[in-house]
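Structural characterization, general
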Protein chains: 2
Amino acid sequence: MKIVNTPTPPYYAVIFTAKSSANQNGYEEMAVSMLELAKQQPGFLGAESVDDTLEITISYWESLEAIQAWKTNADHQEAQKYGREKWYTAYKIRIAKVEREYSFEYEK
Amino acid sequence: MKIVNTPTPPYYAVIFTAKSSANQNGYEEMAVSMLELAKQQPGFLGAESVDDTLEITISYWESLEAIQAWKTNADHQEAQKYGREKWYTAYKIRIAKVEREYSFEYEK
């Protein structure tokens with residue numbers, strides 16, 4: 001997993017935090033296929049994801065319109081349905097406008 | 001780890017994403033102590049954290065002023081210094097204004 005090189009703010013972050021259920025059947029395949037699909041969406045800038053007892057996935061987008069289009073994508077809607085029915089006991093989605101960013105990189 | 005119950009937007013999210021270095025000496029203790037300290041800061045609303053090959057920690061704050069005060073806290077500055085010198089090869093910090101949120105919870 002890499003830290004995403006996002007453009008100069010402002011842009012948007014979708015912060016997805018979820019508690020997994022016992023049933024993770026088909027989750028991995030769906031996660032891979034949703035990321036592939038998201039990459040084809042206009043305005044998608046990248047995503048960062050870590051999965052342990054809590055899953056956190058942050059995806060970055062150019063605009064609210066791009067996020068809305070992704071939300072209503074038919075395949076994505078089916079994935080959301082599986083998420084609620086099978087994979088997650090709870091989740092929260094926060095739409096946030098990134099206003100500033102700063103970085104550190106170790107000098108080799 | 002729990003999903004944080006944040007208030008009605010707007011509020012702020014600090015998205016911290018980092019690649020860990022080989023040297024994790026003292027990291028765990030510092031992470032625990034920084035979370036304790038953050039909890040005592042005015043305007044702190046909670047944090048979510050997952051740590052794998054990539055660390056993602058999101059902390060939530062009432063205002064930009066609260067974030068600024070935490071950034072300049074002396075103990076926190078020392079932790080930041082250790083982070084750059086020892087624990088991380090790279091990190092990115094994004095300051096974002098949460099404008100909307102929605103949740104799902106499985107009905108028992």
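Structure report, in brief. Everything numeric in this text was worked out from a predicted model, so none of it was measured.

**A closer look at the overall build of chain A**
For chain A, the count of helices and strands is three helices and four strands. Its helices and strands in sequence order give chain A the pattern β-α-β-β-α-α-β, from N to C terminus. Overall, the C-alpha framework of chain A stretches about 40 × 35 × 20 Å when taken along its three principal axes. Burial status across chain A gives 47% buried among its 108 residues. A fraction of 77% describes how many contacts in chain A between residues 6 or more apart in sequence connect residues 24 or more apart. Accessible area for chain A stands at about 5,900 Å²; split by element, carbon and sulfur atoms hold 50% of it. Here chain A holds 12 positive side-chain charges and 16 negative ones, and the gap between their average locations is 6 Å.

**Digging into the pairing of strand 2 (residues 44-51) of chain A**
One face of the sheet, then the other: side chains in a regular strand alternate in exactly this way. Residue and element names in this part refer to chain A. Taken together, the seven bridges between strand 2 and strand 3 (residues 54-61) define a ladder with antiparallel strand orientation. Residue pairing across strands places Glu48 opposite Ile58, the latter belonging to strand 3. Hairpin connection between strand 2 and strand 3: a loop of two residues separates the two successive antiparallel strands.

**Focus on the interface of chain B and chain A**
Interfaces are frequently sized by the accessible area removed from exposure as the parts join. On the side of chain A, 45 residues touch chain B, which itself brings 45 residues to the contact. Here chain B packs against chain A, burying approximately 4,100 Å² in sum over the two surfaces, 60% of which is carbon and sulfur. When the area that chain B buries against chain A is broken down by residue, the three leading residues are B:Arg94, B:Tyr102 and B:Phe104, summing to 18%. Our count for the chain B to chain A interface comes out at six salt bridges. Between A:Glu101 and B:Lys92 there is a salt bridge, with its nearest N and O atoms 3.2 Å apart. Linking chain B with chain A are 27 residue pairs in polar contact (both at pLDDT 80 or more). Those elements giving two or more residues to the side of chain B that touches chain A turn out to be strand 1 (11-20), strand 2 (44-51), strand 3 (54-61), helix 2 (64-72) and strand 4 (88-105) of chain B. Counting residues per element, the side of chain B that touches chain A draws most heavily on strand 4 of chain B, which supplies 18 residues. Across the side of chain B that touches chain A, the residue classes tally to 24 nonpolar, seven polar and 14 charged. Note that strand 4 (residues 88-105) of chain A and strand 4 of chain B share 15 bridges and pair antiparallel.

**Describing the pattern of salt bridges**
Evaluation of the coordinates by the stated rule reveals 10 salt bridges over all chains. Taking the shortest distance from any N to any O, the salt bridge between A:Glu48 and B:Arg94 comes out at 3.4 Å. Of this pair, A:Glu48 sits in strand 2 while B:Arg94 sits in strand 4, each in a different chain. Residue classification places A:Glu48 among the buried positions, given a relative accessible area of 0%. Between B:Lys39 and B:Glu36 there is a salt bridge, and its shortest N-O distance comes to 3.5 Å. With B:Lys39 and B:Glu36 both in helix 1 (residues 27-39), this residue pair falls three residues apart, about one helical turn. B:Glu36 gets classed as partly exposed once you look at its relative accessible area, which sits at 40%.

Rules of the game
- Residues numbered from 1 in each chain as written.
- Chains lettered and ligands numbered in written order.
- Predicted model: local features only at pLDDT ≥ 70, side-chain atom pairs only at ≥ 80, totals over all residues.
- Heavy atoms only, no water.
- Helix = DSSP H or I, 4+ residues; strand = E, 2+ residues; numbered from the N terminus.
- Buried < 20%, exposed > 50% of the residue type's maximum accessible area, 1.4 Å probe, protein only.
- Contact = heavy atoms within 4.5 Å.
- Areas by Shrake-Rupley, 256 points an atom, 1.4 Å probe, with all protein chains shown as cover.
- Lys, Arg positive; Asp, Glu negative; His and termini not counted.
- Charge placed at Lys NZ, Arg CZ, Asp CG, Glu CD.
- Pairing = 2+ DSSP bridges.
- Buried area = accessible area lost by both parts, 1.4 Å probe.
- Salt bridge = Lys/Arg side-chain N within 4 Å of Asp/Glu carboxyl O.
- Polar contact = N/O pair within 3.5 Å; in protein donor to acceptor, adjacent residues only side chain to side chain.
- Nonpolar A, V, L, I, M, F, W, Y, C, P; charged D, E, K, R; others polar.

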